[in-house]
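Working through the structure, step by step
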Amino acid sequence: MDLFAKIMGGISILLLCCTVICGLWIHSNPQEDHRFHFKLSLAAVLVSLGTIILFMFR
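To start, this report covers the structure provided alongside it. (Residues numbered from 1 in each chain as written. Predicted model: local features only at pLDDT ≥ 70, side-chain atom pairs only at ≥ 80, totals over all residues. Heavy atoms only, no water.)

This brings us to the side chain of Thr 51. Positionally, Thr 51 belongs in helix α2 (residues 35-56). Of note is the side chain of Thr 51, whose polar atom sits 2.8 Å from the side chain of Ser 12. (Helix = DSSP H or I, 4+ residues; strand = E, 2+ residues; numbered from the N terminus. Polar contact = N/O pair within 3.5 Å; in protein donor to acceptor, adjacent residues only side chain to side chain.)

What follows is the structure, encoded as structure tokens:
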């Protein structure tokens, strides 16, 4: 369980960093197609929320 929590934490950090990079990319290069960035940010939020809940009940 401890290894799983560390893996989830690493994935959360990676996804949140990618979301920040995508947000900065959208800000500097406005585009019409935001589906990829929306899916990435949604995945980052859900995985991070799951990781936080996992650490709370650990």
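Let us now look at the state of the cysteines. This structure, assessed with the given rule, holds zero disulfides. Here Cys 18 stays free of any disulfide, with the sulfur of Cys 22 as its closest cysteine sulfur at 6.7 Å. Under the relative-accessibility criterion, Cys 22 is labelled buried at 12%. (Disulfide = S-S within 2.5 Å. Buried < 20%, exposed > 50% of the residue type's maximum accessible area, 1.4 Å probe, protein only.)

With respect to the helices and strands, Leu 46 occurs in helix α2. Judged by its relative accessible area of 53%, Leu 46 is exposed. It is 8.9 Å that separates the C-alpha atoms of Leu 46 and Ser 12, two residues lying 34 residues apart in sequence.

Enumeration according to the criterion identifies one salt bridge in this entry. Linking Lys 6 and Asp 2 is a salt bridge whose minimum nitrogen-to-oxygen distance equals 3.9 Å. One end of the pair, Lys 6, and the other, Asp 2, are both in helix α1 (residues 2-28), four residues apart, so they sit about a helical turn from each other. A relative accessible area of 58% places Lys 6 in the exposed class. (Salt bridge = Lys/Arg side-chain N within 4 Å of Asp/Glu carboxyl O.)

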